[in-house]
Each structure stands twice: as C-alpha cells, then as structure tokens.
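An overview of the molecular structure
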Amino acid sequence: LNLNPLVWLQPPFRFFFFWTGFFFSKVFLEPEDSNSCCELNFWIPMSGSCGRLCLHDLKQIWTILRSRSVVRVKGPDVEKFFQNLVTQDVRDIGVLTEGRHAGFLNSRGRLLHDTILSRPSEEEFLVDVDRANVDRLTRQLNMYKLRANVKISDASNELSVWSFAGVPSADALQVNPVTAFPDPRSEALGLRMVLEKKSRPPIPENVTGVTENVYKVIRTLNGICEGSVESQGDFRDEELPLECNLDVTGGVSFDKGCYIGQELTARTHHTGVVRKRFFPMAIDKSPDRALRAAQVAQEYIDSDQKILIPQNLIDYDANYELSGSLIEREGANRPTGELRSSVYNLSMSHIRFEQAFDDDGKSTVFNVGEQYAVAWKPSWFQRLQRVQ
C-alpha cells in the first residue's frame with residue numbers, strides 16, 4: 001500500500017473520490033430534497049425491476065410538508081377573533097386532537113388563504129397555511145386585530161407541518177406533537193401533525209419516509225385543492241371558496257353567521273350556481289393513455305381504497321410544465337379552464353363543471369397545449385348538491 005499522498009491525487013483516484021463524495025452527499029445530506037417514488041431513494045427498501053421505489057407499494061408514509069408554514073395566534077379573544085374572519089365555525093374545535101379546514105376571504109368573497117386550523121390550548125390557534133402566504137396572512141390578521149386581545153406571530157422557525165398517510169392514529173407513532181388530528185378534508189390524507197422543529201420524532205420502521213411529491217400525488221388523486229398556486233392562481237384572488245371545493249371538504253359553515261366575504265358565499269350556496277370547480281386530471285400526449293389513467297383513478301376512488309395509490313396510474317417519466325396552461329375542448333368557442341399544478345402525469349385544474357363530463361357521466365377529453373387531459377370524479381363529487 002503506497003501511503004504517498006501525491007499518489008492518491010492522481011486522476012483515477014480523484015475521479016473515484018469525486019463521485020463517491022457526490023453520491024454520499026445526495027443520499028445522506030439531501031434525502032428530503034430529492035424525489036422519491038420510482039426515483040432513487042436509498043433510505044427505504046426498493047422494489048421493482050428498475051431498482052426504485054414504486055408508489056403503489058406504499059402502505060404507510062410520512063412526509064414533512066415544506067410548502068406549508070404555521071402562524072400562531074394566542075390570547076383571550078382568539079376564538080371570537082377567528083369566528084369573525086374565517087369560513088369555518090371555530091367555537092367547538094377540540095383542543096389538541098382536531099383540525100378544521102377554513103378559508104380566509106376578501107370583502108368580495110374571493111379566497112385569499114386556504115388553511116387548516118388547530119388548537120393547542122383554549123386560548124391559542126395554529127394556522128397551517130401555504131408558505132408563500134405567511135407574510136400576507138400575518139399582515140391581514142394584524143389589520144383586523146384592532147382591539148382584540150391576541151398576539152400574532154410567524155412560527156415557521158419553530159413548528160413544522162407533517163403528514164402521515166395510511167397511519168391509523170397518532171397513538172401508533174411514538175411522537176409528541178403540538179397538535180395531531182385526522183386531515184379534515186379527506187380520510188385518504190391520513191393524519192396531520194404540527195411538531196416542534198427542534199425535535200425529530202422516532203418514526204416506526206414500517207412507516208416510510210417520502211418527499212412531498214408523494215403527498216401531492218395522494219392529494220391530487222383525491223381532488224383536494226391546496227396552496228396559493230392552485231386556489232389563488234398565483235395571488236390573482238379570483239376564485240370563490242366553493243369553486244375550490246371548500247363546501248365539500250368541510251371548509252365552510254353555512255350556519256355560523258357573519259364573517260368577511262360571507263354574503264357572496266351564502267348566496268352562491270343557496271342559489272346553487274357554481275360554474276367552475278377544481279378537478280383532478282390525468283395528462284398524456286396520447287388521449288387513450290390519458291383516458292386509461294383517469295379510469296384507473298376512478299376505479300380506485302370507487303373502491304374501498306385499501307392502498308394509498310393504485311398501480312398503473314403514475315407515469316414516473318412524465319414532467320409536464322403546464323401550470324397556467326389553458327384547457328380547451330375541441331369545437332368550443334372559449335377555454336374550459338386552466339391547469340394550475342401538476343405532479344408526474346396528474347394535475348389539479350380549474351374547469352367549467354358542466355363540461356367535465358358528458359350527459360352519460362363519461363369524462364371529456366380536453367386539449368392542454370400538445371397534451372390531452374381527462375378528469376375523474378373524486379369521492380366528494382357525490383356530496384355536491386344543486387350545482388350547475
């Protein structure tokens with residue numbers, strides 16, 4: 001063995017050390033910033049002939065939602081303060097173990113923030129909100145604070161939002177959350193927790209750590225709209241809360257009384273005129289493949305859903321950059337809607353409700369640039385009433 005250090009700096013050895021260092025930095029220093037699910041993931045057992053993890057093999061998962069942040073509001077008047085601001089009735093939110101989907105509206109009844117509220121104590125609320133909206137929400141809360149005895153603070157550096165899908169209860173996890181509750185929007189999304197950043201909980205080995213892309217796949221599959229890119233169209237503030245499906249995901253109380261933007265929301269609900277909705281869609285360069293993917297998703301929604309993600313749904317090589325693209329129907333005089341976000345070959349799109357399906361309930365094939373898009377009916381579709 002030659003111990004001369006100059007020998008180890010020769011080109012063959014430099015090549016070996018460079019790629020070895022690169023490999024370990026990607027695997028061990030950046031696990032949560034790399035993609036998973038039929039992409040290389042060395043933290044968990046791999047499956048499939050490709051040597052990569054496939055989403056349909058996942059049964060229990062956890063992920064840190066880095067796209068979300070937490071705003072803390074604390075004080076004796078906190079319940080009354082939120083009751084006058086949000087679309088949700090906050091008076092009976094359970095301490096520690098319950099979360100509520102809620103929207104903040106402007107005076108025109110347009111959605112500013114879609115949030116999930118939880119309650120660590122009687123005089124404290126945590127607002128789980130899109131990270132891009134934290135400053136905007138904080139300014140809005142301070143504007144409406146007036147004489148309310150509450151303290152508003154950005155807790156993004158102290159708290160983080162986690163999602164545990166497929167996990168039956170928080171008791172199955174050895175964690176000590178600030179709040180923990182079933183995701184109020186859909187049973188498929190599992191548990192949602194707010195944890196202190198300084199502590200990393202011991203996660204059971206049978207619960208697989210994945211990136212946020214996997215959470216987004218499950219959310220899109222079940223037709224759950226989330227975040228400023230989807231619900232606001234990059235802060236254009238044009239969508240009504242009912243267009244973002246807050247009425248069918250438990251985000252609006254029609255019995256609570258007045259709040260900012262309540263008049264238009266109530267009128268829209270009682271007249272039943274909601275012309276656009278957010279729907280999940282499959283995208284592909286082939287209309288037949290888009291139809292097949294939508295059919296797989298629909299069969300999954302109509303089944304008992306004993307798995308997180310169905311097989312033969314995800315095209316792992318797809319990477320469509322179509323956010324903001326118009327969705328058009330052949331022969332129509334105007335666009336049907338707009339594609340807002342995508343993950344692999346799935347998307348959340350804001351489209352005209354009556355054009356999503358034909359008279360027989362079959363999905364319509366739309367054009368999105370050079371691709372094709374087909375919607376399916378999420379589980380909340382059956383809860384729609386008097387929608388045109």
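Residues numbered from 1 in each chain as written. Predicted model: local features only at pLDDT ≥ 70, side-chain atom pairs only at ≥ 80, totals over all residues. Heavy atoms only, no water.

1. A few points about the overall build of the chain
Test applied: Each helix is a run of H or I in the DSSP string that is no shorter than four residues. Each strand is a run of E no shorter than two, and both are numbered from the N terminus. Note on exposure labels: buried denotes an accessible area under 20% of the residue type's maximum, exposed denotes more than 50%, and partly exposed covers the range between, all computed with a 1.4 Å probe on protein chains only. Residue contacts follow a heavy-atom distance rule, with two residues in contact if any of their heavy atoms lie within 4.5 Å. Surface exposure here means Shrake-Rupley accessible area, sampled with a 1.4 Å probe, where a residue is shielded only by the protein chains that are shown.
When its secondary structure is counted, the chain shows eight helices and 16 strands. Every one of the 388 residues in the chain was classed for burial, and the buried ones make up 53%. Relative to all contacts within the chain whose residues are 6 or more apart in sequence, the contacts with residues 24 or more apart total 71%. As presented, the chain carries roughly 19000 Å² of accessible surface, and 50% of it is formed by carbon and sulfur atoms.

2. Things to note about the pattern of salt bridges
When the charged atoms of two side chains with opposite charge come close together, those side chains can pair. For clarity, the cut-off: When a carboxyl oxygen of Asp or Glu is within 4 Å of a side-chain nitrogen of Lys or Arg, the pair counts as a salt bridge.
According to the stated counting rule, one finds 21 salt bridges in the structure shown. In this structure, arginine 72 engages glutamate 124 in a salt bridge whose closest nitrogen and oxygen atoms are separated by 2.7 Å. Of the two residues, arginine 72 sits in strand β2 (residues 68-74) while glutamate 124 sits in strand β5 (residues 124-130), which places them 52 residues apart along the sequence. For the residue pair arginine 72 and glutamate 124, the accessibility class agrees, reading buried in each case. Here arginine 192 makes a salt bridge to aspartate 128, at a shortest N to O gap of 2.6 Å. Here aspartate 128 lies in strand β5 and arginine 192 lies in strand β9 (residues 191-196), a separation of 64 residues in the sequence. Its relative accessible area of 3% is what places aspartate 128 among the buried residues.

3. Here we look at the packing of aromatic side chains
Under the convention used in this document: In this scheme Phe, Tyr and Trp rings, the latter by its six-membered ring, pair at centre separations within 6.5 Å, and the angle between planes marks the pair as stacked below 30 degrees, edge-to-face above 60, and tilted otherwise. Our definition puts a charge over a ring when NZ of Lys or CZ of Arg is within 6 Å of the ring centre and also within 35 degrees of the ring normal.
Tallied over the full model, the rule gives twelve aromatic pairs. Feature note: the residues Phe279, Phe353, Phe357, Trp380 and Phe381 constitute an aromatic cluster, connected by ring pairs. For lysine 377, the ring lying beneath its charged end belongs to phenylalanine 357, and the centroid distance is 5.1 Å.

4. Let's talk about the sheet that holds strand β8 (residues 179-182)
Filter applied, for reference: Strands pair, by our definition, only if DSSP identifies at least two bridges between them. Every axis in this analysis is a line fitted to C-alpha atoms, fitted for helices over the stretch in contact. Angles between the N-to-C directions lie between 0 and 180 degrees.
One open sheet holds the five strands; their spatial order is β8-β9-β7-β1-β10, and the pairing between them is mixed. Both outer strands of the open sheet, β8 and β10 (208-209), are each paired with one neighbouring strand and no more. Both strand β7 (residues 159-165) and β9 contribute to a ladder of six bridges, which runs antiparallel. Bridge pairing in β9 places valine 161 opposite valine 194. Where helix α4 (residues 212-221) meets the sheet, it contacts β1 (61-64), β7 and β9, and its direction lies at approximately 115° from that of β1.

5. Observations concerning α4
The element α4 is largely enclosed, with a buried count of seven among its ten residues. Val214, Tyr215, Val217, Ile218, Arg219, Thr220 and Leu221 are the residues of α4 that are buried. Following α4 by one or two positions, glycine 223 has its phi on the positive side, about 70°.

6. Notes on the side chain of aspartate 128
Keep this limit in mind: For the purposes of these results, a polar contact is taken to be a pair of N or O atoms within 3.5 Å, where, inside protein, one atom must be able to donate a hydrogen and its partner to accept one; residues adjacent in sequence count only when each atom of the pair is a side-chain atom.
Side-chain polar atoms of aspartate 128 contact the side chain of arginine 68, separated by 2.8 Å. Here arginine 192 takes part through its side chain, which lies 2.6 Å from a polar atom of the side chain of aspartate 128. If sequence neighbours within four positions are ignored, aspartate 128 has contacts with Arg68, Ser69, Asp114, Thr115, Ile116, Val161 and Arg192.

7. Focus on unusual backbone geometry
With a phi angle near 50°, leucine 146 is a residue other than glycine that sits in the positive phi range. Topologically, leucine 146 is positioned in the loop between α3 (134-145) and β6 (151-154). Phi at asparagine 245 takes a positive value of approximately 70°, unusual for a residue other than glycine. Within the secondary structure, asparagine 245 is located in the loop between α5 (228-231) and α6 (262-271). Of the residues examined, asparagine 245 reaches a relative accessible area of 0% and is grouped as buried.

8. Digging into the side chain of aspartate 114
Operational definition: Charge counting follows a simple rule: Lys and Arg are positive, Asp and Glu are negative, and His as well as the terminal groups are ignored.
Relative to the helices and strands, aspartate 114 resides in strand β4 (residues 111-121). Despite its burial, aspartate 114 pairs with no opposite charge, the nearest such side chain being arginine 68 at 4.1 Å. Among the polar contacts listed, one links the side chain of aspartate 114 to the backbone nitrogen of glycine 227, at a separation of 3.0 Å.

9. Digging into the environment of glycine 103
Structurally, glycine 103 can be placed in strand β3 (residues 99-105). The spacing of glycine 103 and valine 129 is 26 residues in sequence and 10.0 Å in space, taken between C-alpha atoms.

10. Focus: the environment of isoleucine 116
If you trace the backbone, isoleucine 116 turns up in strand β4. C-alpha of isoleucine 116 to C-alpha of proline 184: the two residues are 68 residues apart in sequence and 8.2 Å apart in space.

11. Details of the pairing of strand β11 (residues 276-284)
For β11, a buried count of eight out of nine residues is recorded, marking the element as mostly surrounded by other parts of the structure. Alignment of β11 against strand β14 (residues 346-352), held across seven bridges, turns out to be antiparallel. Each bridged residue has a counterpart across the sheet, and for alanine 282 the counterpart in β14 is leucine 346. Across four bridges, the pairing between β11 and strand β16 (residues 371-375) is antiparallel. What sits directly across from aspartate 284, in β16, is tyrosine 372.

12. What to know about the layout of surface pockets
How we decide: Here the term cavity refers to a set of points on a 1 Å grid, laid over the protein atoms alone, in which a 1.4 Å probe fits but cannot get out; the term pocket refers to an open set having protein on both sides within 12 Å along at least five of seven lines, with lining residues being those that place an atom within 4 Å of a point. Grid points are joined across faces, edges and corners, and a volume is the space filled by probe spheres set on the points. Amino acids are sorted into nonpolar (Ala, Val, Leu, Ile, Met, Phe, Trp, Tyr, Cys and Pro), charged (Asp, Glu, Lys and Arg) and polar (every other residue, Gly among them).
The volume enclosed by the second largest pocket comes to roughly 370 Å³. In terms of lining residues, the second largest pocket is bounded by 20 residues, among which Gly166, Glu187, Ala188, Gly190 and Leu308 are the most central. Among the residues making up the lining of the second largest pocket, the classes are represented as nine nonpolar, six polar and five charged.

13. Section: the nonpolar core
Cut-off, in case you're wondering: Nonpolar core, defined: a set of buried Ala, Val, Leu, Ile, Met, Phe, Trp, Tyr and Cys residues in which side-chain atoms within 4.5 Å join the residues together.
In terms of nonpolar packing, the biggest core is built from 57 residues, with Ile61, Val217, Phe279, Ile309, Leu313, Ile314 and Trp376 touching the most fellow members. In terms of residues, this core owes the most to one element, helix α7 (residues 287-302), which gives seven residues. Those residues within four positions of isoleucine 309 in sequence are excluded, and the remaining contacts are Leu55, His56, Val214, Val217, Ile218, Leu221 and Ile314. With 22 residues, the next largest nonpolar core counts Val73, Ala102, Leu141 and Val150 among its residues.

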